[in-house]
Structures are given as structure tokens and as C-alpha cells.
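# Residue-level structural notes
Chain residues, written in single-letter form:
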Amino acid sequence: MIPYSVTYDSKNHVILITLKGSIDRETINKSRFEAARLAKQHNCFSVLADLREATSDVSLMELYDLPQTTSEVLSASGIQAHQFKRAIVVALDLDNASFFETVSRNRGHNVRMFRDMEEAKKWLSVK
């Protein structure tokens, strides 16, 4: 089973990322590359990521580096991180979610962590 899916929702003009099971840096990298490809292809910079069924094998140091490496992945695709608005929905027990949000926002990323899917959609203005 592939632990992630990345799709474009044309009705709501949003990129949907779903991560399930145990996720590691490699899974995150693959999903980021696919999201960047779809963003460029569809000129879409709203992302809704569902991590409610995921557990993280990513270390605190790797979490700290993720915003920078995300910026690099996007830049290589001709996109800047500040163009994106990303809502990430996590399970109640996903560790370090607020740390990741703070580090990301400090690096110019428009990202918010949510525990409720409807709140995340509202923030992104997705139906």
C-alpha cells in the first residue's frame, strides 16, 4: 500500500494530500514533489493535507529542516513557498505539529495546523 496520495480537486481548485500509516522523510519528499508538479500544472496554490491517519517517524531536526527543503523543492519547480496556502489536518496525538507550524511560519510559509477538517477547509475556503 502506498502511504500517500496527491490529487488535484478541480471543483474546489485545491491540491489534496493524504498521508496514512507511518510516514518518514522519503514519503514526505515524494508527496512534496508530486504536489509541486500538480501546483505548476494547474496553477493551484491551495493545499489541504490530511494526516489524521498518519504517524510520524520524522525526527525533530528533520521537522525543523522541512520548511527549508520544501522551499528548495518548490523553487526547483519555479514556484515560491510564499505563494502557497497550506492547511494540514492532524490527529490529536501527532507529535510536534505546533512546532512545525511555528518553524514554517517563521520561514515565510502560509501554513496552519488543524485538528478539524471542516475548520481547515473553511480557512482554505474549500467547499
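All of the points below concern the structure found in this document. (Residues numbered from 1 in each chain as written. Predicted model: local features only at pLDDT ≥ 70, side-chain atom pairs only at ≥ 80, totals over all residues. Heavy atoms only, no water.)

The next thing to look at is the side chain of arginine 86. Relative to the elements of secondary structure, arginine 86 occurs in strand β4 (residues 85-90). Despite its burial, arginine 86 pairs with no opposite charge, the nearest such side chain being glutamate 101 at 10 Å. The residues touching arginine 86, leaving out its near neighbours within four places in the chain, are Val47, Thr70, Ser104, His109, Asn110, Val111, Arg112 and Trp123. (Helix = DSSP H or I, 4+ residues; strand = E, 2+ residues; numbered from the N terminus. Buried < 20%, exposed > 50% of the residue type's maximum accessible area, 1.4 Å probe, protein only. Lys, Arg positive; Asp, Glu negative; His and termini not counted. Salt bridge = Lys/Arg side-chain N within 4 Å of Asp/Glu carboxyl O. Contact = heavy atoms within 4.5 Å.)

Reading across the sheet, the five strands line up as β1-β2-β3-β4-β5 and stay open at both edges, with mixed pairing between neighbours. Pairing within the sheet leaves two strands with one partner each, and these edge strands are β1 (4-9) and β5 (110-114). Across the sheet, the mean angle from the axis of one strand to that of its neighbour is 15°, orientation sign disregarded. Note that strand β3 (residues 46-56) and β4 share six bridges and pair parallel. Across the sheet, the residue bridging to aspartate 50 is valine 89, located in β4. (Pairing = 2+ DSSP bridges. Axes fitted to C-alpha atoms, helices over the stretch in contact; angles between N-to-C directions.)

This part takes up helix α4 (residues 117-124). Regarding α4, the residues found buried are Met117, Ala120, Trp123 and Leu124. Burial along α4 is one-sided: seen end-on, the buried residues are contained in an arc of 125°. What points out from α4, more than 90 degrees from its buried face, is the exposed set Glu118 and Lys122. Here the buried face of α4 lies against β2 (14-23), β3, β4 and β5. Its side-chain oxygen 3.1 Å from the backbone nitrogen of glutamate 118, aspartate 116 forms the N-cap of α4. Just beyond α4, the residue with positive phi is serine 125, at close to 65°. (Arc of directions from axis to C-beta. Polar contact = N/O pair within 3.5 Å; in protein donor to acceptor, adjacent residues only side chain to side chain.)

If you look at soluble globular proteins, the nonpolar side chains tend to sit buried side by side. Ile15, Ile17, Leu51 and Ile88 are the most contacted members of the largest nonpolar core, which has 29 residues in total. Within the residue set of this core, elements represented by two or more residues are β2, α1 (25-42), β3, α2 (60-76), β4, α3 (97-106) and β5. The greatest single-element share of this core, amounting to five residues, is contributed by α1. If we ignore the near neighbours within four places in the chain, the residues touching isoleucine 88 are Ala49, Leu51, Phe100, Val111, Arg112, Met113 and Phe114. With ten residues, the next largest nonpolar core counts Leu48, Val89, Met117 and Trp123 among its residues. (Core = buried A, V, L, I, M, F, W, Y, C linked by side-chain atoms within 4.5 Å.)

Fair warning: the whole summary comes from geometry, so function is off the table for now.
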